[in-house]
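# Per-entry structural report
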2 protein chains.
Amino acid sequence: MSVGIRHDDLRRRNRAMVISAVRRAGQPSRTEIAATTGLSHSTISAISSDLIQEGILAESKSSETVSMKRGRPQVGLSLNPQAAAVLAVVLSLNFLSVAVIDYAGQVVAEEQRRLDTLTMSRDELIGECVAIVRRRLEDPDLDVQSVARIALAIQGITDSHARALLWSPITPQTNIAFADILEREFGIPAIMENDCNMMAVALRWRDPHRYRDDFIAILLSHGIGMGLVLKGELFTGTHSSGGEFGHMIHRPGGALCRCGRRGCVEAYAGNYAIWRNARQLSENAEPVADVSDAEMRALADRAREMDGPEREAYRKAGEALGFGLGSLFALIDPAPVAMVGASAAAFDLIEPALREAIAQTAGGQHSGSISFDTEPNELPLIREGCAMRALSFVDQEIFAPGAQGKPGTTRRDVA
Amino acid sequence: MSVGIRHDDLRRRNRAMVISAVRRAGQPSRTEIAATTGLSHSTISAISSDLIQEGILAESKSSETVSMKRGRPQVGLSLNPQAAAVLAVVLSLNFLSVAVIDYAGQVVAEEQRRLDTLTMSRDELIGECVAIVRRRLEDPDLDVQSVARIALAIQGITDSHARALLWSPITPQTNIAFADILEREFGIPAIMENDCNMMAVALRWRDPHRYRDDFIAILLSHGIGMGLVLKGELFTGTHSSGGEFGHMIHRPGGALCRCGRRGCVEAYAGNYAIWRNARQLSENAEPVADVSDAEMRALADRAREMDGPEREAYRKAGEALGFGLGSLFALIDPAPVAMVGASAAAFDLIEPALREAIAQTAGGQHSGSISFDTEPNELPLIREGCAMRALSFVDQEIFAPGAQGKPGTTRRDVA
DNA sequence: ATTATTTATTCCGAGGCTCGAAAAAAGTCG
DNA sequence: CGACTTTTTTCGAGCCTCGGAATAAATAAT
């Protein structure tokens, strides 16, 4: 079962801890690191001097930080941007984007492309992804050797090993082993991640104070997605990628969902559901493939203007989300919620019904204290999470590896 | 944030690992332990000789294990029963029980008592619990000094620190800090646990093969409770004790639940709900306080006999449980389920509707493969889980303590 | 009965790691 | 310019785990 701790693990873990302390804090001094990790100054000194020698960390020439304090000034440690690089690929409905990010987390190059994901064949879809990655890797400004990882975020269900896309609403294709394909093509370790999980990762990085140990990121878009962090860790299902919040059952036997079942939260709160209700179509009407953001904005404007079917559609969406959240909170206890995506801009229309619904549930006992944040733009968030995920992997698996394989040569020893 | 690993932690963790290996395996040899933990023979030898000297482990005189193998025979290590003892107290509806368990996990004494929990005052309730514990501790056969922990399992919501009962269906009283009360009274560390969580712990001990990393224990009783193990760990809410599966919303605005809200799973599947539906009372009828097991058995018999309101009541219960499980599975992926409690004996009546409902949900994609186990007797399970929980605590916190406090004196240094 | 073989356990020296204390370094303040 | 303060490095001590050799305890073979 669980394995004993060997002596060499110790150094490995403490190395990883120092690296992650630097990544979190930006430019901490050795003394600061000692304080946050609880390790002694001697240990930090030894580890950081190793890391500097290996080119992973660098002493930032404190520059014009006129400390105005007595005593020897602290010298900040920072991540060496050239230590490695990662690629963050985001594939969403009709849109593909890739960014090259250096080890310090800065975007050094990017490329975006529109494509018609719903109608593309399997090979076209894979081909586009491979091609866009290849173009970035062929950039003469980039040292290909330093690229340590490719992370691909996609809307849909991935398997538990973060290797394959099992199902996605953005394409009729299923079971695409993207991670293996990219790995084989470029010889660089690759992972697949769920977009909502990446949103959650990014939120945590952006505002660790608010999004610390337990919180929820909900994507309000054509479909409804969720990223969940519990006890400081991304919660993913055991077999597949993540909590399918959108497919919790809101009303048994209720409205027709895009997934073919009935009564899912998404069948009331997804864009297509709001659109369907606003047009006063039957709940059994086949979900439309796509509703443009402009059209949704128009719907929201009309709902704000007058009390009609549009407003009622948003009310129903709020109710579904509220009961869904209530059931979720019955299981995990209330936590801060971030509403992300285009429809988050219409959260003012959703919130009243949502709060009313949640107050009727077990999780709603403290419904007043549950706070909602909105962020209409999901793409930057997804990319950011993707990048951080990949960089954390480099931190832990490559620069603080286990028994076999010393660091130095950046990736060949892992691939 | 996360703290670095010190040098002394290493020994502590490996000690804990050896102890837990012995607890799991029963009578493993040093060689076996080395194999399961991945530590070297030398290390295991050193640690186990320490543990034997401290009286925590003992070499079991292999006795008549005629190994018939060549080579030096293995000598089994076992837990020294006298190393410590724990008390497992279980408080449920109208029933209080306590068991004294030695360090090896054997029950050495027990006592049970009927009492009318629903009508007792706060002081009476506390008084009974304190009194029954005191009687066990005054047993001349018991070395009080060796009692290292009291664990109290109760049906209801406990706080996240396992110290207080926040709310329980078995008593109108709320906010009873049982753990603190017992600790103050006897000077022995105490914890409070949720009964369903303890069922899950016990199931895992009884059948680690079936109930390994992810599974669900559902208590079908007057109310509906759940114990959830995810990734090998008991999943408890972050603020309170556990997932309130029974209070997920099955039908918004539906049947009246004991908790005062509407449409909870429990309002369809709890004993009182089945009873209410079987009598064809309104869904708004006030839940009755208690339905005897005999009465429920009669209901089940009638349901089996003929297609009438009784059968329909069980069907509704199955439907509610099925949709609830489906929503749960949408979040955490399907896992084996154990149905525990008196109504588990009527699972034949519940199962068809349950499977039908679950098949209509996102989690039901592999509904055929979801397996259910039944166990009509919850009490032994709860007690067993309680005992194992307390013993694991002794293993880890007392016999493999952190920096301060060497073991030997069994508990004073912790209290 | 005695020796060879096999397997389990212990002993011992080597190598690593972290720690605390002391020393060195690099500033500010008067 | 020297005193003071704070950060960082250096150094020896103390643990811990590991691998290999030695020892122990049984069975199989002679």
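Quantities reported herein were computed from a predicted structural model and do not represent experimental measurements. (Residues numbered from 1 in each chain as written. Chains lettered and ligands numbered in written order. Predicted model: local features only at pLDDT ≥ 70, side-chain atom pairs only at ≥ 80, totals over all residues. Heavy atoms only, no water.)

## A word on the interface of chain A and chain B
Listed as interface residues are 49 residues of chain A and, on the opposing side, 49 residues of chain B. Between chain A and chain B, the buried area comes to about 4,500 Å², and carbon and sulfur atoms account for 58% of it. Counting every contact that joins chain A to chain B gives 0 salt bridges. At the surface where chain A touches chain B, the tally comes to 10 residue pairs in polar contact (both at pLDDT 80 or more). Every element with two or more residues in the side of chain A that touches chain B is listed here: helix H1 (7-25), helix H2 (30-37), strand E11 (224-230) and helix H10 (309-332) of chain A. Of the residues assigned to the side of chain A that touches chain B, the class counts are 20 nonpolar, 20 polar and 9 charged. (Contact = heavy atoms within 4.5 Å. Buried area = accessible area lost by both parts, 1.4 Å probe. Salt bridge = Lys/Arg side-chain N within 4 Å of Asp/Glu carboxyl O. Polar contact = N/O pair within 3.5 Å; in protein donor to acceptor, adjacent residues only side chain to side chain. Helix = DSSP H or I, 4+ residues; strand = E, 2+ residues; numbered from the N terminus. Nonpolar A, V, L, I, M, F, W, Y, C, P; charged D, E, K, R; others polar.)

## Notes on unusual backbone geometry
A positive phi angle, close to 60 degrees, is found at Asn94(A), a residue other than glycine. Its place among the elements puts Asn94(A) in the loop between strand E3 (85-92) and strand E4 (95-102). Look at Ala162(B): it is not a glycine, yet its phi comes out positive at around 60 degrees. With respect to the helices and strands, the residue Ala162(B) is situated in the loop between strand E7 (157-158) and strand E8 (165-167).

## Points about helix H6 (residues 195-206) of chain A
All names here are of chain A. Here H6 spans 16 Å end to end across 12 residues, near enough to the 16 Å set by a 1.5 Å rise per residue. By the criterion of burial, H6 is predominantly enclosed, with 9 of the 12 residues buried. All of the buried residues in H6 are Asp195, Cys196, Asn197, Met198, Met199, Ala200, Val201, Ala202 and Leu203. (Expected span 1.5 Å × (residues − 1). Buried < 20%, exposed > 50% of the residue type's maximum accessible area, 1.4 Å probe, protein only.)

## Looking at the sheet that holds strand E14 (residues 372-375) of chain B
Residues and elements named next belong to chain B. Read from one edge of the open sheet, 5 strands run E12-E11-E10-E13-E14, paired in mixed fashion. Where the open sheet ends on each side, the last strands, each with one partner, are strand E12 (233-234) and E14. Here 4 bridges tie strand E10 (residues 215-220) to strand E13 (residues 337-340), and the two strands are oriented parallel to one another. Residue pairing in the sheet places Ala217 in a bridge with Ala338 of E13. (Pairing = 2+ DSSP bridges.)

## A look at the packing of aromatic side chains
Residue and element names in this part refer to chain A. Evaluated as defined, the whole model comprises 6 aromatic pairs over all chains. Aromatic side chains Tyr103 and Phe399 sit 5.1 Å apart centroid to centroid with 80 degrees between the ring planes, which places their arrangement in the edge-to-face category. Of this pair, Tyr103 sits in the loop between E4 and strand E5 (107-114) while Phe399 sits in the segment after helix H12 (378-398), and the two are 296 residues apart along the sequence. In terms of burial, Tyr103 and Phe399 fall into one category: buried. (Phe/Tyr/Trp six-rings, centres within 6.5 Å; stacked < 30°, edge-to-face > 60°.)

## Quick word on the packing of H1(A) against H2(A)
Any two packed helices are characterised by how steeply their axes cross, that is the angle between the axes, and by the distance between the axes. Residue and element names in this part refer to chain A. Orientation of H1 relative to H2, taken along the N-to-C sense of each, is 115 degrees, at an axis distance of 10 Å. Compared by their axis directions, H1 and H2 come out roughly perpendicular. Regarding H1 and H2, the two cross each other, and that crossing is right-handed. Each of Met17, Val18, Ala21 and Val22 in H1 lies in contact with H2, whose residues at this interface are Ile33, Thr36 and Thr37. Taken together, the residues of the contact of H1 with H2 break down into 5 nonpolar, 2 polar and no charged. (Axes fitted to C-alpha atoms, helices over the stretch in contact; angles between N-to-C directions. Parallel < 35°, antiparallel > 145°, perpendicular 65-115°, else oblique. Left-handed = near helix turned anticlockwise from the far one by under 90°.)

## Thoughts on the protein's contact with DNA strand D
Within the structure, DNA strand D sits among 27 residues, and Arg6(A), Thr31(A), Gly71(A), Thr43(B) and Arg70(B) are positioned closest to it. In DNA strand D, the atoms that sit within 4 Å of the protein are 72% sugar and phosphate, with bases accounting for the remainder. Within the contact set of DNA strand D, a base oxygen lies 3.5 Å away from a side-chain nitrogen or oxygen of His7(A). Note that a base oxygen of DNA strand D is positioned 2.8 Å from one of the side-chain N or O atoms of Ser42(B). Secondary-structure elements contributing two or more residues to the surface near DNA strand D are H2 and helix H3 (41-53) of chain A together with helix H1 (7-25) and helix H3 (41-53) of chain B. Sort the elements by how many residues they give to the surface near DNA strand D and H1(B) lands first, with 4 residues. Residue composition of the surface near DNA strand D, grouped by class: 5 nonpolar, 14 polar and 8 charged. (Near = heavy atom within 4 Å.)

## Here we look at the relation of the copies chain A and chain B
Of the transformation placing chain A onto chain B, the axial shift is 0.0 Å and the rotation is 180 degrees, giving an RMSD of 0.0 Å. The superposition of one copy onto the other is thereby described by a two-fold rotation axis. Taking C-alpha positions as reference, the residue of chain A nearest the rotation axis is Arg251(A), located at 3.1 Å. The residues that chain A uses at the interface reappear at the interface of chain B in 100% of cases, marking a shared surface. (Least-squares fit on C-alpha atoms with pLDDT ≥ 70 in both.)

## Concerning the pattern of salt bridges
Enumeration over the complete set of coordinates arrives at 48 salt bridges over all chains. One salt bridge connects Glu54(B) with Arg15(B), and the closest N-O pair in it is separated by 2.8 Å. Of this pair, Glu54(B) sits in the loop between H3 and strand E1 (57-59) while Arg15(B) is found in helix H1, placing the two residues 39 residues apart along the sequence. Note on Glu54(B): relative accessible area 31%, which makes it partly exposed. Classification of Arg15(B) by relative accessible area gives buried; the value is 8%. Residue Arg355(B) is joined to Glu351(B) by a salt bridge in which the shortest nitrogen-to-oxygen separation is 2.9 Å. Placement of the pair is Arg355(B) and Glu351(B) together in helix H11 (residues 347-359), with a separation of 4 residues, close to one helical turn. On the accessibility criterion, Glu351(B) (24% relative accessible area) is partly exposed. Each member of the salt-bridge network shares a partner with another, and the members are Glu111(A), Arg135(A), Arg136(A) and Asp139(A).

## Examining the sheet that holds strand E14 (residues 372-375) of chain A
All names here are of chain A. Taken in spatial order, the 5 strands make up an open sheet running E12-E11-E10-E13-E14, and their pairing is mixed. Taken across any chain shown, the strands that pair with only one partner, and hence form the sheet edges, are strand E12 (233-234) and E14. Contacts from H6 reach strand E10 (215-220), E11, E12, strand E13 (337-340) and E14 within the one sheet, and its direction differs from that of E10 by about 130 degrees. Against the sheet, helix H11 (residues 347-359) contacts E10, E13 and E14, and its axis sits at roughly 155 degrees relative to E14.

## Considering the domain arrangement of chain A
One can read the domain layout of chain A as domain 1 (7-62 + 70-79), domain 2 (82-188 + 380-398) and domain 3 (207-376). Put simply, the middle of domain 1 of chain A and the middle of domain 3 of chain A, counted by C-alpha atoms, are 43 Å apart. (Domains from an automatic or database assignment.)

## Here's the deal with the protein's contact with DNA strand C
Surveying the vicinity of DNA strand C reveals 27 residues, the closest of which are Thr43(A), Arg6(B), Thr31(B), Ser45(B) and Gln74(B). What you see for DNA strand C is that sugar and phosphate hold 70% of its atoms within 4 Å of the protein. In this structure, a base oxygen belonging to DNA strand C sits 2.8 Å away from a side-chain N or O atom of Ser42(A). Within the side chain of Thr43(A), one N or O atom sits 2.6 Å away from a phosphate oxygen of DNA strand C. Put simply, the parts of the chain that give the surface near DNA strand C at least two residues each are H1 and H3 of chain A together with helix H2 (30-37) and H3 of chain B. Tallying contributions element by element places H1(A) first for the surface near DNA strand C, with 4 residues.

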